[in-house]
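# Notes for the structure review
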Amino acid sequence: MHLSKIIRNVSIMTLAVLTLTACGNKAKDSSTASTEGNGKVTVETTGFPIVKDKLKLTLMAPNVGEAEWKDMSVLQDYAKKTNVNFKFNTPPQSDFGTKLNLAFASQDLPDIIFAAGKDNLTAANEVTYGSQGLLVPLEKLIPKYAPNFNKLMKEDPSIKKSITAPDGHIYSLPMIQRGANSAWYLGPLWYNGEWLQKLGVKELPKTADEFYDLLKRFKTEDPNGNGKADEIPLSDVKLDTTRPWLMSIFGLLSNDVQNDGDKVFYTPISNQYKAYLTYMHKLYAEGLLDKDTFSQSNDQKKAKGSADRLGVFQDYYSYFTTGRSTTEAINDPMWQPLTSSVSKKAVVPLNPRISRGNFSITKENPSPAASLRWVDYFYTEAGDFYLTKGPAGKIWVNAKNKEGKNVKVYASGVNADNVEDKRAKMTPAYGLTLPELSGTENTNYMIRSSADAPAIDDFTKFVNQETKEKIDPYGKVPFPLIYLKKSEQNSIDATANDLKTYVTQSEAKFITGVTPLSDWDKYVKTIEGMNVKQYVKVYQAAYDRWKAAK
Amino acid sequence: MTNTNHLIKDTRADRIFKIVLDIFIILAVVIVLYPLIYIISASISDPQLVNSGEMWLLPKGVTWKGYEVILKYKDIWRGYGMTIFYTFAGTAISLILTIPCAYALSRPDFSGKKWFTTFMLITMFLNGGLIPTYLLVRALGMVNTVWAILLPGAVSVYNIIVTRSFFQSSVPWEMQEAAKIDGASDFQIFFRIVLPLSAPIIAVMALFYGVGIWNSYFSALVYLQNKALYPLQMVLRQILVLQDLQQSAATGGGVTASAAEAAYNKSALAAIIKYGVMIVSSLPVIIVYPFLQRFFVKGVLIGSLKG
C-alpha cells in the first residue's frame, strides 16, 4: 500500500471516529439535562391534590388502539385532581412487549410502567430488572403512600406473598380481582342449551361416563335438527382452552407443575394424566372431539359455533362463539365439573385473583412516593369506579329511585349497548389489566338503565349464579404465583421449553392415536431423561418459599 | 399456442413437449392466481362463510361492509398517506445515495475502491444489533421523527454491488474515456453519459427500495411513538394481531369481562376488514409492478452476471 493511501485511510477513519464521538457527547448532555432540576418533591399523604407544585412524569403503557391516552377524559380529570401530569408513551398492545424490552435494554426508561401485564412485565423480568436496580422497590413506601393497597394486602395475605420477589422486594403492583368472574381461571366451557332442550336433558352430566354418553347423543341424535350428521360434540383450537377443564375431570389442574398439599409434582407423567389421555383418545377416535382440533384456527371454530354445529365449547361468554344474543345465551348452561374413577371429588382450576406486573416505578422516577399515591386511589371501590366509568356526567349521572336512594344511571345518549364504545375513548380501563381493585359486588357502583331498574342485568345475574354453583365450590388454584431466583431460572430455562414442547406434541399424538397408549412408559422415560427432577425441585423450593412467606 | 401455422410440422415429441409445457404453465398460473382470487373474493364475502370454508373461490354472501368500514377507518388512510410519503422520499434518498456511490466504485481509476468495497461488505455480515442501533438513532435525535424511517438503512450494500456491476458491464469505460478526451468533466460524464444509459438499473433500484419501504414495519415499530407517523403496514399489523388477542383473552387467566368484551369486538372488526385491507394495501404495488417489470428482468440479470 502506498503511503499516501495509508494517510488517506487513517484520516478517513479519524474523521469517522470524531463524528461518532461528537454524537455520543451530545447524547450524554441531553440525558443529564433531563434528570437535573428535579429537586425534592413534597408529597401530601392524604387527600387531593397529591403534590402542590405541578409534577410531570412519563408513563409507558399499551394502547388498544381506541384513543390516544392524552385525550382520555378520565386521565385529564385525574391529572387536575392530583396535580400529577403525564407524558404518555403508548405503543400498540400487539408490540408492547418488544418496546418494553427495548426500553429496558437501552435504559431509555419511562418513570412509570403501567398496565404492562404479566406477559410483558413477567415475573422473571421483575427479578432481573429489580436486581439490576432499574425498578424501584416499593415495599417500604407502600404503608405510607399506598394505604388502600396496604389494606388489601392485610386483608388477603396471599397478595403480599405473590408479589414479593425472592430478594424480599416488591417491584410491581398487581391487579386485584374481586367480584363476578374473578374466580375464572379462564373462560369456562359452555353447553349448547338448545341441543340439551331438544334431547330432553334435565340434569347435566356429573361423571366422565355420563359426559361421554351425552356427547355420543349429540353426535348421533341430530340435535340441531337439520337432518345432517354435522354435529361436533366437542371442539377446540389445539386444546389450549379446554385442556384445563377436561384435565380437571381426572383431578389435574394444569399440564405443568401442580401442588398436591405441599408436595409439588409434574402432572404430565402422573397416572391421572394417562387416564386423561385415554379418555380423550376415546373421544377423538369416536368423532366426539372435533377432528380439526389440532389444525383449525379460532375463526374456524367460531364459524362452526355460529352455524349451530357445536355441543360443548370454551369461550369467555357462550355467545362469543354462538353469535346468539345475551337473552338467548341465558339458556346455554355452564359446564358442570365432573368426577371420574381416578378423581372422586370434582375439582376445577381457580384463578388466584391476582394479576401481576401492572404498575412499576423505574429508577428514573423523580417521585416514587407521588406515583404510588397516584395509583393507590384505584385500589378502592370508589377509585376503581372512577377509573373505569369516569367522573359523573360522562357516561353516568346521579339519580334518586322510588325509595329515595341515590343510584347511578346512564347519562343521556348512553345505554348498555354503546357504553363500552364510549368507555373505550375515555378511560384506559378497556381491554387491559390495570393496577386496580377490579370488580365489585357492591351495587352502589353499578350503573342502571333507569333509576328503578335492577343493578345487574339478567345475563350477568345468570353468569354469576352459574359461577357460584359450578366453579366456586370446586375451585383450587393450580399453583401459587411464585418467583424463581435468577439461578433457579437459569437452571431450568432450557428444560422448561423442551418439556413444554414435548408434552404438548405427545398429547396431540396420543389423542389422535399416532402414538399408541402402549408407548406411555417410553414417554415417561423420555421426560425423566429431560431433567424433570431438577425442574420439580426448583418449583418445590419456590413453593416452600411462598408457603413460608408472611 | 400449439396450433399456430408452422411451415414444418411438429414431430410427435414436439407435440408432447408442448402439451407438457402447457400443463405446467396452467398449473403455475393456478398456483399464482388462486390466493389472489381467494383474497379478492374473501374481501367481499360474509366472514362467516369464509371461516367455515364454504367460500373457497368465488364470493359468497356478497357484502361491501368490509370496504365501508375501511373507507371510514381514519388510521388506515393516515397510514396510507405516510407510507406514500415514506416510499417516495425514502426511495429518492436511497437512489441519490446508491447510484453515485456505485458509480464511484465502478470506476477503474478510483484508487480506494477495494478498501471501500471491503469496508462496506463487512457491514453486510456484521452489524451492531437492535439495541446499539436504537441507541445510535436515539442519540442522533431521530427517534419519533420521520428520519428514523428514512435514514437508517437508506443504503443497501447489496444494491450498491448490483448497481456497480451494472455500470462496469453495460457502460463501457472506453466510452467514458472518450468523453474525457472530448473535454467532459467527471460530473458531465456521470450526468450526461452514464445516467442516461442506466435507466434499467435505476428502475430496478427504485423498485427494490420502494417495495422494501412499502412493506416494512419494523423500523416504525422500534423508532416511532407518535401514531400519526405510523406507516400503513404498522396499522395493518395492529389490526391483524389484535385478532389473535381475542384468543389469548379467552385463554389467559383472570381476564375481566370488559377486556373479554373489548377483544371480542376487535376480532369481529378484524374479521370483516382483514382481506379488504390486504387488497387496499397491496394494490399500488401490484399496479406499478408490470410497468417496471421489463426493466426488472434486464437490470438484475446484467447486474448479477458479474456480481
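Residues numbered from 1 in each chain as written. Chains lettered and ligands numbered in written order. Predicted model: local features only at pLDDT ≥ 70, side-chain atom pairs only at ≥ 80, totals over all residues. Heavy atoms only, no water.

The helix and strand inventory of chain B stands at 14 helices and 0 strands. Of the regular secondary structure in chain B, the N- to C-terminal order runs α-α-α-α-α-α-α-α-α-α-α-α-α-α. Put simply, chain B has 307 residues, and 38% of those count as buried. Restricting to contacts in chain B with at least 6 residues of sequence separation, those with at least 24 account for 71%. Total accessible area on chain B stands at roughly 16,900 Å², and carbon and sulfur atoms take up 71% of it. (Helix = DSSP H or I, 4+ residues; strand = E, 2+ residues; numbered from the N terminus. Buried < 20%, exposed > 50% of the residue type's maximum accessible area, 1.4 Å probe, protein only. Contact = heavy atoms within 4.5 Å. Areas by Shrake-Rupley, 256 points an atom, 1.4 Å probe, with all protein chains shown as cover.)

What follows deals with the packing of helix α9 (residues 173-181) of chain B against helix α10 (residues 186-197) of chain B. All names here are of chain B. Viewed as axis vectors pointing N to C, α9 and α10 meet at an angle of 140 degrees, and their least axial separation amounts to 10 Å. It follows from the interaxial angle that α9 and α10 lie oblique. In this structure, α9 meets α10 at a crossing whose hand is right-handed. Counting all contacts with α9, which are made through Met175, Gln176, Ala179 and Lys180, the residues of α10 involved are Asp186, Ile189, Ile193, Val194 and Leu197. (Axes fitted to C-alpha atoms, helices over the stretch in contact; angles between N-to-C directions. Parallel < 35°, antiparallel > 145°, perpendicular 65-115°, else oblique. Left-handed = near helix turned anticlockwise from the far one by under 90°.)

Quick look at the confidence of the model for chain B now. Residue and element names in this part refer to chain B. For chain B, the average pLDDT comes to 85, and 89% of its residues sit at 70 or higher. Considering only residues more than four positions removed or in separate chains, one finds that residues 303-307, a stretch of pLDDT under 50, has 7 contacts. Interface predicted TM-score (ipTM) for the complex: 0.77; the corresponding pTM is 0.83. (pLDDT = per-residue confidence, 0-100.)

This part covers the domain arrangement of chain B. Here chain B is described as being made up of domain 1 (12-63) and domain 2 (68-228 + 279-305). One C-alpha centre belongs to domain 1 of chain B, the other to domain 2 of chain B; they are set 35 Å apart. (Domains from an automatic or database assignment.)

Time to look at the UniProt feature "transmembrane region" (unreviewed entry) in chain B. Residues and elements named next belong to chain B. In the numbering adopted here, UniProt assigns the feature "transmembrane region" (unreviewed entry) to residues 20-40, 84-103, 115-135, 147-167, 189-214 and 272-292. Along residues 147-167 one finds 71% helix and 0% strand; the C-alpha atoms at either end are 30 Å apart. Between the C-alpha atoms that bound residues 272-292 the distance is 33 Å, and the span itself is 100% helix and 0% strand. (UniProt positions renumbered as here; feature names shortened; annotations may be inferred.)

Moving on to the sheet that holds strand β11 (residues 354-361) of chain A. Read across the open sheet, the 6 strands follow the order β2-β1-β3-β11-β4-β14 (chain A); overall the sheet is mixed. Strands with a single pairing partner mark the edges of an open sheet, and in this sheet they are β2 (84-89) and β14 (437-438) of chain A. (Pairing = 2+ DSSP bridges.)

Two quantities define a packed helix pair, namely the angle between the helix axes and the distance between the axes. Residue and element names in this part refer to chain A. Where helix α9 (residues 208-220) contacts helix α11 (residues 271-285), the two axes come as close as 11 Å, and the packing angle between them is 10 degrees. Here α9 lies roughly parallel to α11, going by the angle between them. Taken together, the residues of α11 that come into contact with α9 (itself represented by Ala208, Phe211, Tyr212 and Leu215) are Tyr279, Lys282 and Leu283. Here the contact of α9 with α11 is built from residues that sort into 6 nonpolar, no polar and 1 charged. (Nonpolar A, V, L, I, M, F, W, Y, C, P; charged D, E, K, R; others polar.)

All names here are of chain A. Within β11, 8 of the 8 residues are buried, leaving the element largely enclosed by the surrounding structure. Of the strand pairs in this sheet, strand β3 (residues 112-114) and β11 are connected by 3 bridges, and their pairing is antiparallel. Residue Phe114 lies in a different strand from β11, and its bridge partner there is Phe359. With 3 bridges joining them, strand β4 (residues 173-177) and β11 adopt antiparallel strand pairing. The residue of β11 that forms the bridge with Leu173 is Phe359.

If you roll a probe as big as a water molecule over the atoms, it shows you where there is empty space left. All names here are of chain B. On inspection of all chains with the given rule, the structure shows 6 cavities of 30 Å³ or more. As a volume, the largest cavity reaches approximately 160 Å³. What lines the largest cavity is a set of 18 residues, among which Tyr73, Asp75, Lys227, Val235 and Gln238 lie closest to the centre. When contributions to the lining of the largest cavity are tallied by element, the ones reaching two or more residues are α4 (74-106) and α13 (232-251). Tallying contributions element by element places α13 first for the lining of the largest cavity, with 4 residues. (1 Å grid on protein atoms, 1.4 Å probe; cavity = no way out; pocket = protein on both sides within 12 Å on 5 of 7 lines; lining within 4 Å. Points joined across faces, edges and corners; volume = space filled by probe spheres on them.)

A separate point is the pattern of salt bridges. Pairing between side chains of opposite charge can happen when their charged atoms approach one another. For the coordinates displayed, the defined rule picks out 29 salt bridges over all chains. When the shortest N-O distance is used, the salt bridge between B:Lys274 and A:Asp299 registers 3.6 Å. You can see B:Lys274 sitting in helix α14 (residues 257-305) and its partner A:Asp299 sitting in helix α12 (residues 298-306), one on each of two chains. A relative accessible area of 13% means that B:Lys274 is categorised as buried. Via salt bridges that share partners, A:Glu68, B:Asp75, B:Arg78 and B:Lys227 belong to a single interconnected network. (Salt bridge = Lys/Arg side-chain N within 4 Å of Asp/Glu carboxyl O.)

What follows concerns the interface of chain A and chain B. Facing 52 residues of chain A, the contacting portion of chain B comprises 47 residues. Here chain A meets chain B over a buried area of about 4,300 Å², counting both sides, of which 54% is carbon and sulfur. Of all residues in chain A, the largest losses of buried area upon contact with chain B belong to A:Leu102, A:Tyr316 and A:Phe320, amounting jointly to 13% of the total for that side. The interface formed by chain A and chain B contains 4 salt bridges. The tally of links from chain A across to chain B stands at 8 residue pairs in polar contact (both at pLDDT 80 or more). Of all the elements in the fold, those that place two or more residues in the side of chain A that touches chain B are α1 (3-35), α3 (96-106), β4, α12, α13 (318-322) and α17 (419-426) of chain A. A breakdown of the residues in the side of chain A that touches chain B according to their chemical character gives 21 nonpolar, 17 polar and 14 charged. (Buried area = accessible area lost by both parts, 1.4 Å probe. Polar contact = N/O pair within 3.5 Å; in protein donor to acceptor, adjacent residues only side chain to side chain.)

Residues and elements named next belong to chain A. Spatial strand order, β12-β13-β15: 3 strands in an open sheet with mixed pairing. Each end of this open sheet is capped by a strand with a single partner; those strands are β12 (396-400) and β15 (447-448). Here β12 pairs with strand β13 (residues 406-410) via 5 bridges, running antiparallel. Paired with Asn398 across the two strands is Lys408, which belongs to β13.

Here we come to the side chain of A:Ser73. Mapped onto the elements, A:Ser73 comes out in helix α2 (residues 73-82). Residue class for A:Ser73 comes out buried when judged on its relative accessible area of 15%.

Residues and elements named next belong to chain A. In total, this model carries 59 aromatic pairs over all chains according to the counting rule given. Geometrically, the ring pair formed by Phe250 and Tyr279 is edge-to-face, given 5.5 Å between the ring centres and 65 degrees between the ring planes. Residue Phe250 is located in the loop between α10 (243-248) and β7 (257-260), and its partner Tyr279 is located in helix α11; the two are separated by 29 residues in the primary sequence. For Phe250, a relative accessible area of 4% corresponds to the buried category. Residues Tyr319 and Phe320 carry aromatic rings whose centres are separated by 5.1 Å and whose planes lie at 85 degrees to one another, so their mutual orientation is edge-to-face. Looking at Tyr319, the relative accessible area reads 9%, which means it is buried. Taking relative accessible area as the criterion, Phe320 reaches 3% and is therefore assigned buried. Through a chain of ring-to-ring contacts, three or more aromatic side chains come together here, namely Phe48, Trp69, Tyr78, Phe86, Phe88, Phe114, Phe359, Trp374, Tyr377, Phe378 and Tyr386. One residue, Lys282, lies across the ring of Tyr212, its end atom 4.1 Å from the ring centre. Positioned above the aromatic ring of Tyr483, the side-chain terminus of Arg356 is 4.4 Å from the ring centre. (Phe/Tyr/Trp six-rings, centres within 6.5 Å; stacked < 30°, edge-to-face > 60°. Lys NZ or Arg CZ within 6 Å of the ring centre and 35° of its normal.)

We now examine helix α4 (residues 123-131) of chain A. All names here are of chain A. Among the residues making up α4, those that are buried are Asn125, Glu126, Val127, Thr128, Tyr129 and Gly130. Contacts from the buried residues of α4 go to α3, β11 and α19 (486-512). Trailing α4 by a residue or two, Gly133 shows a phi angle of about 80 degrees, which is positive.

So, about the domain arrangement of chain A. All names here are of chain A. Domain assignment breaks chain A into domain 1 (43-179 + 354-445) and domain 2 (189-349 + 479-548). The interface of domain 1 with domain 2 comprises 13 residues on the first partner and 10 residues on the second. Joining domain 1 to domain 2, the criterion identifies 0 salt bridges. At the surface where domain 1 touches domain 2, the tally comes to 4 residue pairs in polar contact (both at pLDDT 80 or more).

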